[in-house]
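Structure at a glance
Here are the chains, one letter per residue:
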Amino acid sequence: MNLAELMAFAGLHPYLSLALVGLTLALIYTELAGRLSGVRRIGPAQLTALINRDNALVVDLRPTADFDKGHIAGAKNVQMSQFDPENKQLAPARALPVVLVCKAGETASTAAKRLRKAGFSHVSVLEGGVQAWQAADLPLVKKGRG
């Protein structure tokens, strides 16, 4: 396919062409915004390494009922409605790696941006959240056991 054929297609199908351009720009913007935010998106294997190697603080933002049903070992439960970078569980970890976890990874991204603005230097989000952790066949612990 050459440039003349692409231009002919665009002339015959302007809405499809505009949709393609719009989606391409949206993907580029999303990727750049994620990379420039200073928040790393990590997978379950990377989280396990951070916990074992760097003593990362895992903050689970899910509702208490979901947290009690099963959470990553050692995770601290902080409700998103009460999330504050100056929280007594978070403030001492300003220089440590902090990994935010939610159900699917989206709520954690919002909280991660707030931590970065508050001066936390090593902030990550578990991509895919607890769902990704479970999909990787990694264990969850119940309330009172982690």
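Placed above this text is the structure.
The structure reproduced in this document is the subject of the present report. These numbers come from a predicted model, not from an experiment.

1. What about the sheet that holds strand β5 (residues 123-126)?
- Strand order across the open sheet formed by five strands is β1-β5-β4-β2-β3, with parallel pairing between neighbours. Edge positions in the sheet fall to β1 (40-42) and β3 (76-77), since each has one partner strand and no second.
- Summarising the sheet, strand β2 (residues 57-60) and β3 pair through two bridges and their orientation is parallel. Bridge pairing links Val59 to Lys76 in β3.

2. Some thoughts on the pairing of strand β4 (residues 98-101)
- By the alternation rule, side chains of β4 split into Val98 and Leu100 and Val99 and Val101, which are all buried.
- The sheet contact formed by β2 and β4 spans four bridges and is parallel. Counterpart to Asp60 in the pairing with β4 is Val101.
- Relative to β5, β4 runs parallel, the two being bridged by three bridges. Each bridged residue has a counterpart across the sheet, and for Val98 the counterpart in β5 is Val123.
- Each parallel crossover has a hand, and for β4 linked through helix α5 (residues 106-117) to β5 it is right-handed.

3. A word on helix α3 (residues 44-54)
- When α3 is considered as a whole, its buried residues turn out to be Pro44, Leu47 and Leu50. The buried side chains of α3 occupy one side of the element, clustering within an arc of 120 degrees when seen end-on. Facing away from the buried side of α3 by more than 90 degrees, the exposed set consists of Ala45, Asn52 and Arg53.
- Summarising the contacts, the buried residues of α3 are in contact with β1, β2, β4, β5 and α6 (129-135).
- Within two residues after α3, Asn55 carries a phi angle of roughly 55 degrees, on the positive side.

4. Looking at the nonpolar core
- One finds Val59, Phe83, Leu100 and Leu115 to be the most contacted residues of the largest nonpolar core, which totals 18 residues.
- Only β2, β4, α5 and β5 provide two or more residues apiece to this core.
- Once residues lying within four places of it in the same chain are set aside, the contact partners of Leu115 are Phe83, Pro85, Leu90, Val98, Leu100, Phe120 and Val123.
- Counting residues in hydrophobic clusters, the runner-up holds 13 residues, among them Leu47, Val58, Ile72 and Val99.

5. What about the pattern of salt bridges?
- Under the criterion given, the structure shown has four salt bridges.
- For Glu127, the salt bridge is made with Arg41, and the minimal N-O distance between the two is 3.7 Å. Residue Glu127 is located in the loop between β5 and α6, and its partner Arg41 is located in strand β1; the two are separated by 86 residues in the primary sequence.
- Given the relative accessible area of 36%, Arg41 is considered partly exposed.

Parameters at a glance
- Residues numbered from 1 in each chain as written.
- Predicted model: local features only at pLDDT ≥ 70, side-chain atom pairs only at ≥ 80, totals over all residues.
- Heavy atoms only, no water.
- Pairing = 2+ DSSP bridges.
- Helix = DSSP H or I, 4+ residues; strand = E, 2+ residues; numbered from the N terminus.
- Buried < 20%, exposed > 50% of the residue type's maximum accessible area, 1.4 Å probe, protein only.
- Right-handed = clockwise from strand over helix to strand, strands pointing away.
- Arc of directions from axis to C-beta.
- Contact = heavy atoms within 4.5 Å.
- Core = buried A, V, L, I, M, F, W, Y, C linked by side-chain atoms within 4.5 Å.
- Salt bridge = Lys/Arg side-chain N within 4 Å of Asp/Glu carboxyl O.

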